[in-house]
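These are the residues of each chain, in order.
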Amino acid sequence: MVGLSKGEKIFNYCNYVFMVLLLILMLYPFWYILMGSLSDSKLAVGGGLFLIPVGFSVDAYTAILQNSAFLSSLGTTLITTIAGTAIGTFFTATTAYALSKSRLRGGVFFAFIVLFTMLFNGGLVPNYLLIKELGMMNSLWALILPNAINAFNVFVMMSFFRGIPNELEEAAKIDGANDLTIFFRIVLPLSKPVLATIGLFIAVFYWNDFFSTILYINDKDMWQLQAYLRNLIENTSMAIRGGSGTAVTAQMNVSPFTIRMASIIIATVPILIVYPFLQKHFAKGAMIGSIKG
Amino acid sequence: MKKSLGLLIVTVFMLVFSVACSNESGGESSGEKGNNATGEAGTGPLNVSLTLMGGPKTPDAWVNEALAKDLTDHLDRDVTVEDIFLPSWSDAKTKINLMMSDKSSMPDVLWFWDMNKEYKQWVDAGVLQDLTPYLQSKGQNIINYYNRENLFYSWDPSGKIYRIPGDVSEPGTMTTMIRKDWLDNLGLDVPTTIDEYVDVLRAFTFDDPDGNGKDDTYGISGENLYRAFAPFFYAYGVDVEQFMIQDDGTIKYGSLMPETREVLELLQGLYKEGVIDPRVLTNTEQQDVDDIMANGKIGSIYRWVAFFNPESTYNLAFKEKNPDGEYIAIDPIKGPSGFSSDVPSDAIGWSFLSVTGAAEEPETVVDVIDRMASPETYRLITFGQEGELYTIDENGVYDSKLSVDERNKLGLGNYNWYVQRKDEANLENTPEVNELFAARDKSSRPMREKIFFVKSLNRPMWTEYATDINTLRDETFWGIISGNLPITAYDDFVDQYGALGGDKIDEETNKLYSEQKNQWEEFNAWYDENIEPYK
């Protein structure tokens, strides 16, 4: 802080203090959840501030992780997230690329069909019957395919592809490239930012998806992680169904509070880890290195 | 670089497809039905699919094999049990609806709750099977366990039974509880009348019953439901949420009875004094109340009998924080007229079992449910093998050798609410708790006789107008208790009731009451002919 007047220094210090306070304000909810999840269930029910865990205990994590259904549900979610992201991103890109070309015959019609799904859908039961008749019930396909292409993502990518100059493709064509070569070797490499963005959207969607399990899966070995956690949380907090007041909570050794906190950690941390890896793609400009001048 | 990108994409795809394919084939084979397509009670292998909601929902657990083996021995043919675990409470109805939308995806046995409208549709569509003949031939455990009244509420006036209750509560599940140690500290007797009760609550609030020198105790707490104040309402012989049978034989909504006004006025005063825990107005979740109770600052509460099982989680949480604290259950408080009663549960049950059209051998399927309802098999699938997993000492006290986690791993409880037995087969209740349940059965009878439990699933007026009326009632009543509204607001509510559709509800309910009386006669004749001889 060389060359700053006294007033500026004071302002800077105040600024820092304010920013740090703001930081604490933002981080505290996460901290609270983390500490709550590590607290002893019987002591944590008193509530209050959690700067450190009250009576350290990992029982909540043990309860979640030890359950045999946890590993299988984590496996399901990993497979559907990875496969769904690959399939979803790829087909979103191909769909969007085709639609972005004005020389596509009936392009308006196809774009309308895609748009239509944003506004209307067949409804729950018809969808269910469709998936059933396609023979996908109780299979991972039912978790992956119905959500692979989202109309919104298609339009985002479409407008991105429209921004890629036609001259670039014409140049490639003159060099003897066909449409597929152009798509794979010119367009896709130029589209990393949008691929990363849409890929992340899709990945987060698959990671958070629990409703597909409810619709299409009967076999508990194939439940998605979020469906498993949701069931676990409700099982511990819905103390009473029948009136006798014992039936459900007696199953668990832990309190709904710590279970809920631990579930939030387990459900969010893995997908949070993905963000830093994709960050550089968001930041990068779109056209660097392709066309200059 | 570009080549490797293409290669990467291709590799990922191949990987993905191969993984997904292998899983698909695995899924399909497990979804296949057993070879039971041959029709009537066969001898070949049997696969029976059950929708399940209770317990830990552990897949492929020990309990599944144990049940399959038990059924195999019982039916003398190979039986596999296909567990279909329903998702969480908020999603399970969606799942049930979807499964029932198509015959090929229906389970053999459907467990459901609360879905009166859908149930009616299923019956009308003919997708549920009439269980009467199968109950007669194979359902002895079921018809011996459930009493006449239980079956009445599931009986179709056409003389058929399309569902049986999955779980019916004990007749009286709740009790007035009071801190014994606080009574002793203050030298007070157990209250029996409403005046004594109020005095005790005041003392609990103001006389520092826990002796810590702080004014941090409340007389009474509970959840944001009227039953939290059952010791007051019931002493005056009124339940504001039920239809009450009047002395002249007509039916009146409990909220409208003049006694309600008296109770609200009393509660308003107590709230103002600070005797009532203000959190009663905000406690929306059961869990909040359990936490408040565990913190040990509440003198009296209307709560579950099952609390008194020493192993219950509530009891453990309370004891952990208040090693010297002790709650006791007391008899219901007597009102000004000497009337007293505990809250009776309905005999309807809260969840049900139906056999769907997908079951190709309905008789055998009923046999399966019946076997699960037998005391031996019930104990096996709920508590495990006696001697191995639990012991019963000479006083009849059950002691599990396993931790909760271990029991969950075995899947004990997966088959909850498939005819949940509340008698001696429910080992978890200590003999004292069983006695208390029996006592609450008796002490809840006075009100049981005054309340009209509606059987009909077809109540258009109630469906249309009840929400508005109850919203106004809740605003008014809780407003009065909290002191935000004067007691005269109650009179306004009563005046508005009729205009809000209350007149139509009253008319409908009175009609249903006389109809239900007739139906009860018909049912009794039917029961004597179709069930009684087969017990």
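Since this is a predicted model, take the numbers as computed values, not measurements.

Trainee: Sorry, what's going on with the overall build of chain A here?
Mentor: Per the secondary structure count, chain A includes 14 helices and zero strands. Scanning chain A from its N terminus toward the C terminus, one meets helices and strands in the order α-α-α-α-α-α-α-α-α-α-α-α-α-α. Residues classed as buried in chain A amount to 38% of the 293 residues present. For chain A, the proportion of contacts with a sequence separation of at least 24, taken over those separated by at least 6, is 70%.

Trainee: Explanation requested: the overall build of chain B in the structure shown.
Mentor: Along chain B, the regular secondary structure elements total 20 helices and 16 strands. Scaling as 2.2 N^0.38, a compact globule of 535 residues should have a C-alpha radius of gyration of about 24 Å, and chain B matches this with 27 Å. Dimensions of chain B along its principal axes, counting C-alpha atoms only, are 75 × 65 × 60 Å. For chain B, the proportion of contacts with a sequence separation of at least 24, taken over those separated by at least 6, is 77%.

Trainee: Please explain helix H3 (residues 59–66) of chain A as it appears in this structure.
Mentor: Think of an α-helix as turning once every 3.6 residues; residues three or four places apart then point the same way. Listing the buried residues of H3(A) in full gives Asp59(A), Ala60(A), Ala63(A) and Ile64(A). Buried residues of H3(A) fall within an arc of 135° about the axis and therefore sit on the same side.

Trainee: Hey, could you run me through the confidence of the model for chain B in this one?
Mentor: One rule of thumb: low pLDDT means the predicted coordinates there are not for detailed reading. Residue and element names in this part refer to chain B. Mean pLDDT over chain B stands at 89; residues scoring 70 or higher make up 92%. Here residues 15–39 is a poorly scored stretch, pLDDT under 50, and it has 39 contacts once near neighbours within four places are set aside; other chains count. Predicted complex metrics record ipTM = 0.79 and pTM = 0.82.

Trainee: Can you walk me through the sheet that holds strand E16 (residues 451–452) of chain B in this structure?
Mentor: All names here are of chain B. Strand order in the open sheet formed by three strands is E10-E9-E16, and the pairing between neighbours is antiparallel. The two strands at the open ends of the sheet, each matched to only one other strand, are strand E10 (251–253) and E16. By the bridge criterion, three bridges tie strand E9 (residues 243–245) to E10 in an arrangement that is antiparallel. Residue Met244 lies in a different strand from E10, and its bridge partner there is Lys252.

Trainee: Where do I start with the sheet that holds strand E8 (residues 218–221) of chain B in this structure?
Mentor: Two strands in a sheet stick together by hydrogen bonds in their backbones, pointing the same way (parallel) or opposite ways (antiparallel). All names here are of chain B. Taken in spatial order, the four strands of this open sheet run E8-E11-E7-E12, and their pairing is mixed. Taken across any chain shown, the strands that pair with only one partner, and hence form the sheet edges, are E8 and strand E12 (327–330). For this sheet, the mean inter-axis angle between neighbouring strands, taken without regard to orientation, is 25°. Two elements, strand E7 (residues 174–179) and E12, share four bridges in a ladder whose sense is antiparallel. Counterpart to Met177 in the pairing with E12 is Ala329.

Trainee: What is the right way to read unusual backbone geometry from this model?
Mentor: The bulk of non-glycine residues show a negative phi, and the bulk of peptide bonds are trans. All names here are of chain B. Phi angles above zero are rare outside glycine, and Asp114 is one such case at about 70°. For Asp114, the position within the fold is in the loop between strand E3 (109–113) and helix H4 (116–125). Even without a glycine there, the phi angle at Asp208 is positive, about 50°. Locating Asp208 in the fold gives a position in the loop between helix H9 (194–206) and E8. Given 17 C-beta atoms within a 10 Å radius, Asp208 is considered partly exposed.

Trainee: What is the right way to read the UniProt feature "transmembrane region" (unreviewed entry) in chain A from this model?
Mentor: All names here are of chain A. The feature "transmembrane region" (unreviewed entry), as annotated in UniProt, sits at residues 16–34, 76–99, 106–128, 140–161, 182–207 and 257–278 in this numbering. Taken as a whole, residues 16–34 contains 100% helix and 0% strand, while its terminal C-alpha atoms sit 26 Å from one another. Strand forms 0% of residues 182–207 and helix 96%; the C-alpha atoms that close the span are 32 Å apart.

Trainee: Looking at this structure, how should I read the environment of Leu188(B)?
Mentor: Residue and element names in this part refer to chain B. Take Leu188: it is sitting in the loop between helix H8 (180–186) and H9. Taking the C-alpha atoms as reference points, Leu188 and Val200, separated by 12 residues in sequence, lie 7.4 Å from one another. Every residue in contact with Leu188, bar those within four places of it in the chain, is listed here: Leu183, Val200 and Ala203.

Trainee: Would you mind showing me how to read the domain arrangement of chain A here?
Mentor: Where interface size is given, it is often the accessible area lost as the parts come together that is meant. All names here are of chain A. Taken domain by domain, chain A consists of domain 1 (6–57) and domain 2 (62–283). Taken together, the contacts link eight residues of domain 1 with eight residues of domain 2. Residue assignment for the side of domain 1 that touches domain 2 shows that the elements contributing at least two residues are helix H1 (6–37) and helix H2 (41–44). Looking at which element gives the most residues to the side of domain 1 that touches domain 2, the answer is H1, with four residues. A class-by-class count of the residues in the side of domain 1 that touches domain 2 yields four nonpolar, four polar and no charged.

Trainee: In this structure, what is going on with the domain arrangement of chain B? I would like to understand it.
Mentor: Residue and element names in this part refer to chain B. For chain B, the assigned domains are domain 1 (44–167 + 350–410) and domain 2 (174–345 + 456–523). The partner domain 2 presents four residues to the six residues of domain 1 that form the contact. With three residues, the top contributor of residues to the side of domain 1 that touches domain 2 is H4. Broken down by class, the residue content of the side of domain 1 that touches domain 2 amounts to four nonpolar, one polar and one charged.

Thresholds, definitions, all that
Residues numbered from 1 in each chain as written. Chains lettered and ligands numbered in written order. Predicted model: local features only at pLDDT ≥ 70, side-chain atom pairs only at ≥ 80, totals over all residues. Helix = DSSP H or I, 4+ residues; strand = E, 2+ residues; numbered from the N terminus. Buried ≥ 20, exposed ≤ 12 C-beta atoms within 10 Å, placed from the backbone. Contact = placed C-beta atoms within 7 Å. Rg over C-alpha atoms; globule rule 2.2 N^0.38 Å. Arc of directions from axis to C-beta. pLDDT = per-residue confidence, 0-100. Pairing = 2+ DSSP bridges. Axes fitted to C-alpha atoms, helices over the stretch in contact; angles between N-to-C directions. UniProt positions renumbered as here; feature names shortened; annotations may be inferred. Domains from an automatic or database assignment. Nonpolar A, V, L, I, M, F, W, Y, C, P; charged D, E, K, R; others polar.

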